[in-house]
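# Descriptive analysis of the structure
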Amino acid sequence: MTPLLDPPITAPDHLVDELRARGHAVLSPQGLAATTGLDLHALDAMRPSWSDLPADAYLRDGGRYRRRRHGCFVVERGGLRSVPHRAHWQPVEYNALHGGIERRFEPIDPAVATSAAWTRLLVGLAAVCSAVKGDRPWYVEAHPFRIDTTDGIGRPTPEGAHRDGVDVVAVLLVDRVGVKGGETRVFDATGPAGLRFTLQSPWTTLLLDDERVIHETTPIQPLQAGGHRDTLVLTFRRDGFQGPGVV
């Protein structure tokens, strides 16, 4: 089996400079804890909820490999508030496969979304966004994903290499069990530069300046029955959530 490429880890005290200079950075689990002021055990307490994600009914490739939930929040003045549950929407310019339609997913487990760890995670990452992009309210969409290999292959990014139409994207690995593949690829949006690596340890976190880079994750295949890859994707956008008619 091809060896996995380790991600290039950035120290927390160099995180903002790395994002400004390169448009992407990876935090180790310990780096995420230091950046957000979280104990990793508090994050681990959320992991069982990934085993209770409903199937994604909107996959246009006919697949049955993705399970997910969705929630929307606003970080402002160092605090977090949830907003009424709403559809997830992206323009076709950013998601050629699933763009242009309102996708209504089940909400995030309230026990997770109201926990102190959840609040500290989103507020802590929003502070990084403000350090890079300027202080402002951040409109956050949260997507817990499970990509499984029940049908032999699972596609973490069926839309291919893409941007999300936001300011900053955070991809947190939650678990990786009995799979091969799932290589992360990040490319400069305006040039040939790029890199590839595999997120391997739970709570390793990839941060992306969505205006500057595009990203994708390659398909996964099973190494054992029940193989799957769990992630939490958080998108941070200024000036409101995406929606039909919103620029």
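Just so it is clear, the model here is predicted, and its values are computed rather than measured.

Attention now moves to the overall build of the protein. When helices and strands are counted, the protein shows five helices and 13 strands. Summarising its shape, the C-alpha atoms of the protein cover approximately 45 × 40 × 35 Å along the three principal directions. The buried share among the 247 residues of the protein stands at 52%. At a minimum sequence separation of 6, the contacts of the protein that also span at least 24 residues come to 78%.

Before going further, it helps to examine the sheet that holds strand β11 (residues 213-217). Pairing in this open sheet of three strands is antiparallel, and the strands run β9-β8-β11 from one edge to the other. A single partner strand is all that each edge strand has here, and the edge strands are β9 (194-197) and β11. Sheet twist, expressed as the mean angle between neighbouring strand axes with direction ignored, is 15°. Bridge analysis of strand β8 (residues 184-188) against β9 gives four bridges, and the strand direction is antiparallel. Across the sheet, residue Arg185 finds its bridge partner in β9, namely Arg196.

A separate point is the state of the cysteines. By the definition in use, this model includes zero disulfides. Free cysteine Cys72: the closest other cysteine sulfur is in Cys129, separated by 15 Å.

Nonpolar side chains in soluble globular proteins generally cluster together in the buried interior. Trp118, Leu121, Leu234 and Phe236 are the most contacted members of the largest nonpolar core, which has 36 residues in total. For this core, the leading source of residues is helix α5 (residues 116-133), giving nine residues. The contacts of Leu121, once residues within four sequence positions are left out, are Leu32, Thr36, Leu38, Leu43, Leu172, Leu232 and Leu234. Counting 14 residues, the second largest nonpolar core, distinct from the first, contains Phe145, Leu195, Phe197 and Leu199.

Glancing now at unusual backbone geometry. One non-glycine residue with positive phi stands out, namely Trp203, at about 80°. The topology assignment puts Trp203 in the loop between β9 and β10 (205-209). A positive phi angle, close to 65°, is found at Asp239, a residue other than glycine. When you line up the elements, Asp239 lands in the segment after β13 (228-237).

Okay, the packing of aromatic side chains next. In total, this model carries three aromatic pairs according to the counting rule given. Their ring planes at 85° and their centres at 5.2 Å tell us that Tyr139 and Phe241 sit as a pair that is edge-to-face. Pair noted here: Tyr139 is in strand β5 (residues 138-148) and Phe241 is in the segment after β13, with a separation of 102 residues, a long-range link. Given the relative accessible area of 23%, Tyr139 is considered partly exposed. In this structure, Arg68 packs its charged tip against the face of Phe105, placed 4.0 Å from the ring centre.

Let's shift gears to the packing of helix α2 (residues 29-36) against α5. Direction vectors running N to C along α2 and α5 enclose 85°, while the axes themselves pass 8 Å from each other. With respect to α5, the element α2 is oriented roughly perpendicular. Between α2 and α5, the contacting residues are Leu32, Thr35 and Thr36 on the first element and Arg120, Leu121, Gly124, Leu125 and Val128 on the second. Of the residues assigned to the contact of α2 with α5, the class counts are four nonpolar, three polar and one charged.

Our next topic: α2. Inspection of α2 places Pro29, Gly31, Leu32, Ala33 and Thr36 among the buried residues, and these make up the whole buried set. In this structure, the buried side of α2 is in contact with β1 (24-27), α3 (40-44), α5, β6 (168-177) and β10. Directly beyond the C-terminal end of α2, a positive phi value near 70° is found at Gly37.

Here is what the cut-offs are and how they apply
Here the residue numbers are simple positions, counted from 1 along each chain's written sequence. Residue-level local features of this predicted model are given only where pLDDT is at least 70; pairs of side-chain atoms are given and counted only at 80 or more, and the full residue set underlies all totals for whole chains, interfaces and linings. Side-chain metrics rest on all non-hydrogen atoms present in the structure, leaving aside hydrogens and water. Runs of E in the DSSP output that reach at least two residues are strands. Runs of H or I that reach at least four are helices, and both are numbered from the N terminus. Throughout, exposure labels follow a simple rule: accessible area from a 1.4 Å probe, protein chains only, divided by the maximum for the residue type, with under 20% read as buried, over 50% as exposed, and the rest as partly exposed. By definition, residues are in contact when any of their heavy atoms lie within 4.5 Å. The pairing criterion for strands is at least two bridges between them, as found by DSSP. Helix axes use the C-alpha atoms of the stretch in contact, all axes being lines fitted to C-alpha atoms, and the angles between their N-to-C directions lie in the range 0 to 180 degrees. Disulfides are defined as cysteine sulfur pairs within 2.5 Å. Residue types Ala, Val, Leu, Ile, Met, Phe, Trp, Tyr and Cys, when buried and joined through side-chain atoms within 4.5 Å, form a set referred to as a nonpolar core. Aromatic contacts are taken between Phe, Tyr and Trp rings whose centres are within 6.5 Å, Trp giving its six-membered ring; a plane angle under 30 degrees counts as stacked, one over 60 as edge-to-face, and the others as tilted. Charges are assigned to positions over rings by a cutoff of 6 Å between ring centre and Lys NZ or Arg CZ, combined with an angular limit of 35 degrees from the ring normal. Oblique is the label for any angle not covered by the other classes, which are roughly parallel (under 35 degrees), roughly antiparallel (over 145) and roughly perpendicular (65 to 115). Just so you know the grouping, Ala, Val, Leu, Ile, Met, Phe, Trp, Tyr, Cys and Pro go in nonpolar, Asp, Glu, Lys and Arg go in charged, and all remaining residues, Gly too, go in polar.

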